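Here are the chains, one letter per residue:
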Number of protein chains: 2
Amino acid sequence: MTRASSRRPGPPTRTERGIPEATVARLPVYLRALTALSDSGIATASSEDLATAAGVNSAKLRKDLSYLGSYGTRGVGYDVEYLRYQIAREIGVTQDWAVVIVGIGNLGHALANYSGFGTRGFRIVALLDADPALVGERIGDMEVRDFAELEDIVEADRVSIGVITTPAGPAQEVCDRLVAAGVTSILNFAPVVLSVPDGVDIRKVDLSIELQILAYHEQRKSGEVALPQVPELPATNGLTPDLPAVGGGVGA
Amino acid sequence: MTRASSRRPGPPTRTERGIPEATVARLPVYLRALTALSDSGIATASSEDLATAAGVNSAKLRKDLSYLGSYGTRGVGYDVEYLRYQIAREIGVTQDWAVVIVGIGNLGHALANYSGFGTRGFRIVALLDADPALVGERIGDMEVRDFAELEDIVEADRVSIGVITTPAGPAQEVCDRLVAAGVTSILNFAPVVLSVPDGVDIRKVDLSIELQILAYHEQRKSGEVALPQVPELPATNGLTPDLPAVGGGVGA
DNA sequence: AGGAGCTTGTGAACGTGAGAACAAAATCGG
DNA sequence: CCGATTTTGTTCTCACGTTCACAAGCTCCT
Ligand SMILES: NC(=O)c1ccc[n+]([C@@H]2O[C@H](COP(=O)([O-])OP(=O)(O)OC[C@H]3O[C@@H](n4cnc5c(N)ncnc54)[C@H](O)[C@@H]3O)[C@@H](O)[C@H]2O)c1
Ligand SMILES: NC(=O)c1ccc[n+]([C@@H]2O[C@H](COP(=O)([O-])OP(=O)(O)OC[C@H]3O[C@@H](n4cnc5c(N)ncnc54)[C@H](O)[C@@H]3O)[C@@H](O)[C@H]2O)c1
């Protein structure tokens, strides 16, 4: 019995070696911080040091690390190289993962040119696009290939991660093709909600959303009472000023 | 500090019109969904419809919207245009925010070429780079300008949002310059933890981290018991195989 | 050898978020 | 005009995440 049988409010009911999602999302940050420390020639670091480097609270860092095991030494701290390897192993980046990028436009080009993935556990094995004018173009040491080759590539290179940088329109269709081909993790840059079957993981990156979140807080800083930097809101009559006028009622 | 007088465990103790962070992060998604519905000519949508379009649970959506006010009609649903305007107003994107992008390399170019920001409440007013070879280059209808002009631009255009797409090395320095110039919200793409004074908001986008999170789950799918796709781990002796050998001990 | 001084690992308290469930309000048909 | 139907707004409960605080454990100095 892995303890998941008793559904009582006691302990957080952690599954066998199941690491909380919030912790998983921070492990890569710790990994980055450890790599930086290692590059600086630092061999040992306390949770306080590491927490500072990673931009988190030290108690949180210690608790996060405790899910992986007891890799520190009381009274001393953590061995940088050792912990780095343990985290890399837990994340699964001790060997490279094959990745395909679909949609080699502005963003796809930037990603294809980026050298940082190789050093972080990922190997881009193909750049795919549906536009015949793009197919054959060289980017770095790679060549853009036809999207139709997807299935062959996924099988040949055992690709399990796909990146979607197509426009929003074809994104779901591209996603379906990826999943059908055997890809089980997708990073989506298109501003749409993709639906996938169980067992497939999706993460999305939406830059407009990030900016809008910043805008929300920005608006509250200046004015404090819903007075944006360039205050030009009408009275709260509930009518949109520059949109097709729509009353508060609905069916009328 | 407005409130903080009654520090009791009763209701969630919401600040005066303070919207939970988790909700703030979803509002842009609702906005996007509403815009899509609007473009499809749909005038009214129930919380169920909206929730599906936004990829969330309908109870969560209703609760989120309830923080903004009572903008729906029981028995009917929400007026798409009306709700869209209310959310846009709450986020603060009923008028445009001026944005500067610093570091016009691969990623900076992609962002500069992206047309989606303009329709979502943001106006890119300057592309800045420290490399003299880049200054003067035209991208779309803009021209890359020298980073030294930052302060003038921020003041002239009342810029409050900055985007950092420089390498990790100079990112903190660039960040400091932005803050000193008066920028109070920063979107950071460089893989470093930036430190900023209180009152300045930071959001980060790190694609390697996103991929690593996917890799973690991918690893658990295949193998289930820490058996990655290409199992090649040594016994758990605590030594890194291909890193400079480091013992488990620390001071020895 | 023994105690002083650190730092980890974790139990417990607290706060935030998610989802089920339902009463309140609006429309519609008769 | 009234009751059936629909869907919102909100309450309640549980799960998850964060932070505090401290005992356990390690090292080093005397
Ligand atoms: N460029 C940015 O900075 C930026 C910022 C935020 C969001 N995005 C989003 O990222 C995505 C890509 O943006 P972009 O600026 O690179 O767009 P883009 O138009 O420059 O590139 C899209 C590419 O996808 C290809 N494509 C279209 N349909 C395809 C299909 N069915 N199969 C394979 N390839 C297909 C096109 O040929 C094109 O090369 C968009 O969804 C956009 O909204 C981009
Ligand atoms: N390109 C990608 O797909 C990608 C993916 C993940 C992360 N990133 C990160 O995004 C950042 C940018 O990536 P990139 O590929 O565009 O890099 P890049 O090297 O192509 O561009 C960086 C630009 O910043 C400019 N710059 C350097 N120092 C500066 C300074 N002090 N002030 C102003 N400008 C300065 C350089 O002149 C250059 O034009 C990096 O931190 C990278 O790690 C990029």
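Sequence order as written defines the numbering, with residues in each chain counted from 1. Chain labels run from A onward and ligand labels from 1 onward, assigned in the order the entries are written. Confidence filtering applies because this is a predicted model: local features only for residues at pLDDT of at least 70, side-chain atom pairs given and counted only at 80 or more, and all residues used for totals across whole chains, interfaces and linings. Hydrogens and water are ignored here; the side-chain numbers use all heavy atoms of the structure.

**Here's the deal with the domain arrangement of chain A**
We apply this condition: Note: domain ranges come from an automatic or database domain assignment.
Annotation of chain A at the domain level lists domain 1 (21-90) and domain 2 (97-207). Using only C-alpha atoms to locate each centre, domain 1 of chain A and domain 2 of chain A end up separated by 31 Å.

**Structural notes on the relation of the copies chain A and chain B**
Condition: A residue counts toward the fit only if its pLDDT is at least 70 in both copies, and the copies are then superposed by least squares on the C-alpha atoms of those residues. Should any heavy atoms of two residues lie within 4.5 Å, those residues are considered in contact.
By a simple turn and slide, chain A fits onto chain B: the slide is 0.0 Å along the axis, the RMSD is 0.1 Å, and the turn is 180°. This pairing of chains is accounted for by a two-fold axis. Counting the interface residues of chain A, we find that 99% of their copies in chain B are interface residues as well, pointing to one common contact surface.

**What about the site of ligand 1?**
Filter applied, for reference: Residues are classed as near a molecule or strand on a simple rule: at least one heavy atom within 4 Å of it. Polar contact criterion, stated in full: a pair of N or O atoms within 3.5 Å, where within protein one must be able to donate a hydrogen and the other to accept it, and residues adjacent in sequence count only if both atoms are side-chain atoms. Helix and strand definitions follow DSSP, with helices as H or I runs of at least four residues and strands as E runs of at least two, each counted in order from the N terminus. Residues are grouped as follows: Ala, Val, Leu, Ile, Met, Phe, Trp, Tyr, Cys and Pro are nonpolar; Asp, Glu, Lys and Arg are charged; every other residue, Gly included, is polar.
Near ligand 1 you find 24 residues, and of these N106, L107, D129 and T166 of chain A together with Y114 of chain B are the closest. Backbone polar atom of A110 of chain B to an oxygen atom of ligand 1: 3.1 Å apart, as the coordinates give it. Sorting the residues of the shell around ligand 1 by element identifies α5 (106-113) and α7 (168-181) of chain A together with α5 (106-113) of chain B as the ones contributing at least two each. The element contributing the most residues to the shell around ligand 1 is α7 of chain A, with three residues. Its residues placed into classes, the shell around ligand 1 shows 17 nonpolar, five polar and two charged.

**Here's the deal with the protein's contact with DNA strand C**
For DNA strand C, the set of nearby residues contains 27 residues, the closest of which are S47, R62 and Y78 of chain A together with K63 and R74 of chain B. Here the atoms of DNA strand C within 4 Å of the protein split so that 65% fall in sugar or phosphate, with bases taking the remainder. Here G75 of chain A contributes a backbone N or O atom positioned 3.0 Å from a sugar or linking oxygen of DNA strand C. The contact in question runs from a base oxygen of DNA strand C to an N or O atom on the side chain of K63 of chain B, over 2.4 Å. Residue assignment for the surface near DNA strand C shows that the elements contributing at least two residues are α3 (58-66), β2 (72-73) and β3 (77-79) of chain A together with α1 (21-39) and α3 (58-66) of chain B. Looking at which element gives the most residues to the surface near DNA strand C, the answer is α3 of chain B, with four residues. Residues belonging to the surface near DNA strand C are distributed by class as follows: eight nonpolar, 10 polar and nine charged.

**Some points on the sheet that holds strand β10 (residues 201-204) of chain A**
Within a beta sheet, neighbouring strands are joined by backbone hydrogen bonds and run either parallel or antiparallel to one another. Residue and element names in this part refer to chain A. Under the convention used in this document: DSSP calls a pair of strands paired once it identifies at least 2 bridges connecting them.
With respect to topology, seven strands assemble into an open sheet ordered β6-β7-β5-β4-β8-β9-β10, the strand pairing being mixed. Here the strands that pair on one side only, and so sit at the sheet edges, are β6 (138-139) and β10. Two strands pair when backbone bridges link them, and β6 and strand β7 (residues 142-146) are joined in this way by two bridges, in the antiparallel orientation. What sits directly across from R138, in β7, is E143.

**Some remarks on the packing of aromatic side chains**
Residue and element names in this part refer to chain B. Test applied: Aromatic rings from Phe, Tyr and Trp, with only the six-membered ring used for Trp, were paired whenever their centres fell within 6.5 Å, and each pair was classed as stacked if the ring planes differed by under 30 degrees, edge-to-face if by over 60, and tilted otherwise. The buried label goes to any residue with under 20% of its type's maximum accessible area, the exposed label to any with over 50%, and the partly exposed label to all in between, with areas taken from a 1.4 Å probe on protein chains only.
Summed over the entire model, instances satisfying the criterion amount to four aromatic pairs over all chains. Between Y114 and F117 the ring centres are 4.8 Å apart and the planes differ by 80°, which places this aromatic pair in the edge-to-face class. According to the relative accessible area criterion, Y114 is partly exposed, its value standing at 33%. On the accessibility criterion, F117 (6% relative accessible area) is buried.

**Topic: the pattern of salt bridges**
Operational definition: When a carboxyl oxygen of Asp or Glu lies within 4 Å of a side-chain nitrogen of Lys or Arg, that pair is called a salt bridge.
Evaluation of the coordinates by the stated rule reveals 18 salt bridges over all chains. Its salt-bridge partner being D64 of chain A, residue R26 of chain A comes within 2.7 Å of it at the nearest N-O pair. Here R26 of chain A, found in helix α1 (residues 21-39), pairs with D64 of chain A, found in helix α3; they are 38 residues apart in sequence, far enough to count as distant. Exposure remark for R26 of chain A: the relative accessible area of 19% places this residue in the buried category. In this structure, the salt-bridge partner of E81 of chain B is R84 of chain B, at a minimum N-O distance of 3.2 Å. Of this pair, E81 of chain B and R84 of chain B both sit in helix α4 (residues 80-91), three residues apart, which is roughly one turn of that helix. A cluster of three or more residues bridged by salt bridges with shared partners is formed by D201 of chain A together with E218 and K221 of chain B.

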